[in-house]
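# Residue-level structure breakdown
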Amino acid sequence: MSTIGTFTIRPLDPLRDAELLHRWVTHPKAAFWMMQDARLQDVEREYMRIAAHEHHHAYLGLHDGEPAFLMEKYDPRHVELVGLYEPEPGDVGMHFLVAPTDRPVHGFTRSVITAVMTELFADPATRRVVVEPDVGNKAVHALNEAVGFVPEREIDKPEKRALLSFCTREQFEAARGVSA
């Protein structure tokens, strides 16, 4: 049981949420999100594109009712990883970004990734979560490992060198100490 609070996730509204997202993705702590120089219109356009995409979805994560993180879910057979690995049935790709804060809470980011993974695995069709963070993003590699991700190999994407990693439902439950 987390003492950090309650997490909920709702679909992102690209127009209503664009200003908030713009502050998050252009913050120095979001360097690996690769939108540091984005204008508000760029953020609106990007999330309108995602909203219209059949295989890519964006969500706003709330902590005790307040916006706290961004979650993206995608089908790696059609988005991000096409031709870079052999997808398996039930694979779901994921990105997440925790909002910058002046008052960090110990364990918060780990609680966020746990909430994101719980949400993804709430769909019985999800068998494995796939991530492809920048190889230099050591903080996210440690977080991924903490929730059960196992790195497979480095891959070259158009925008970065990435660490392709996978987490099955069983690996996630084992990392959380949940018996199957």
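Our structure's up above, just so we're on the same page.
In this report, the structure presented in the accompanying data block is examined. Given the structure is predicted, the values throughout are model-derived calculations rather than measurements.

So, on to the overall build of the protein chain. Counting its regular elements, the protein chain contains 5 helices and 7 strands. Listing the helices and strands of the protein chain from first to last along the sequence gives β-α-α-β-β-β-α-β-α-β-β-α. A principal-axis box enclosing the C-alpha atoms of the protein chain has dimensions of 40 × 40 × 30 Å. Here the protein chain holds 180 residues, and the buried ones make up 44% of them. Residue pairs at least 24 apart in sequence account for 61% of intrachain contacts in the protein chain once pairs closer than 6 positions are excluded. Taken as a whole, the protein chain presents about 9,900 Å² of accessible surface, with 53% of it coming from carbon and sulfur. When the 20 basic and 28 acidic side-chain charges of the protein chain are each reduced to a single mean position, those positions are 2 Å apart.

Strands in a sheet are paired, the pairing made by backbone hydrogen bonds, and the direction either parallel or antiparallel. Pairing in this open sheet of 7 strands is mixed, and the strands run β1-β2-β3-β4-β5-β7-β6 from one edge to the other. Across the chains shown, the open sheet's two edge strands, defined by having one partner strand only, are β1 (7–11) and β6 (150–156). The sheet shows a mean angle of 30° between the axes of neighbouring strands, taken without regard to direction. When β6 meets strand β7 (residues 161–168), the two strands line up antiparallel, connected through 6 bridges. From the neighbouring strand, Ile155 faces β7, where its bridge partner is Ala162. Contacting β2 (56–63), β3 (66–74) and β4 (91–98), helix α1 (residues 18–25) crosses the sheet at an angle of about 85° to β3. Along the sheet face, helix α5 (residues 169–176) touches β6 and β7 and points at about 80° away from the line of β7.

Time to look at the packing of helix α3 (residues 108–121) against α5. Put simply, α3 and α5 touch, their axes get as near as 11 Å, and they point 145° apart. As α3 runs across α5, the sense of the crossing is left-handed. Of the residues in α5, those touching α3 at Arg110, Thr114, Met117, Thr118 and Phe121 are Arg169, Phe172, Ala175 and Arg176. Grouping the amino acids of the contact of α3 with α5 by side-chain chemistry returns 4 nonpolar, 2 polar and 3 charged.

With that out of the way, let us pick up the nonpolar core. Proteins that are soluble and globular tend to have nonpolar side chains buried together. Core analysis: the largest hydrophobic core is formed by 26 residues, its most contacted members being Met94, Phe96, Val112, Val116, Met117, Leu120 and Phe149. Elements with a minimum of two residues in this core: β3, β4, α3, β5 (128–131) and α4 (138–146). The leading source of residues in this core is α3, at 8 residues. In contact with Phe96, other than residues within four places in its own chain, are Trp33, Leu70, Met71, Thr109, Val112, Ile113, Val116, Val140 and Leu143. In terms of nonpolar packing, the next biggest core, distinct from the first, is built from 18 residues, Leu21, Trp33, Leu60 and Leu97 among them.

Positive phi is not limited to glycine here, since Asp64 has a value of about 50°. By the secondary structure assignment, Asp64 is in the loop between β2 and β3. Using a relative accessible area of 48% as the deciding quantity, one classes Asp64 as partly exposed. With a phi angle near 70°, Glu80 is a residue other than glycine that sits in the positive phi range.

Reading the values: rules and limits
Residues numbered from 1 in each chain as written. Predicted model: local features only at pLDDT ≥ 70, side-chain atom pairs only at ≥ 80, totals over all residues. Heavy atoms only, no water. Helix = DSSP H or I, 4+ residues; strand = E, 2+ residues; numbered from the N terminus. Buried < 20%, exposed > 50% of the residue type's maximum accessible area, 1.4 Å probe, protein only. Contact = heavy atoms within 4.5 Å. Areas by Shrake-Rupley, 256 points an atom, 1.4 Å probe, with all protein chains shown as cover. Lys, Arg positive; Asp, Glu negative; His and termini not counted. Charge placed at Lys NZ, Arg CZ, Asp CG, Glu CD. Pairing = 2+ DSSP bridges. Axes fitted to C-alpha atoms, helices over the stretch in contact; angles between N-to-C directions. Left-handed = near helix turned anticlockwise from the far one by under 90°. Nonpolar A, V, L, I, M, F, W, Y, C, P; charged D, E, K, R; others polar. Core = buried A, V, L, I, M, F, W, Y, C linked by side-chain atoms within 4.5 Å.

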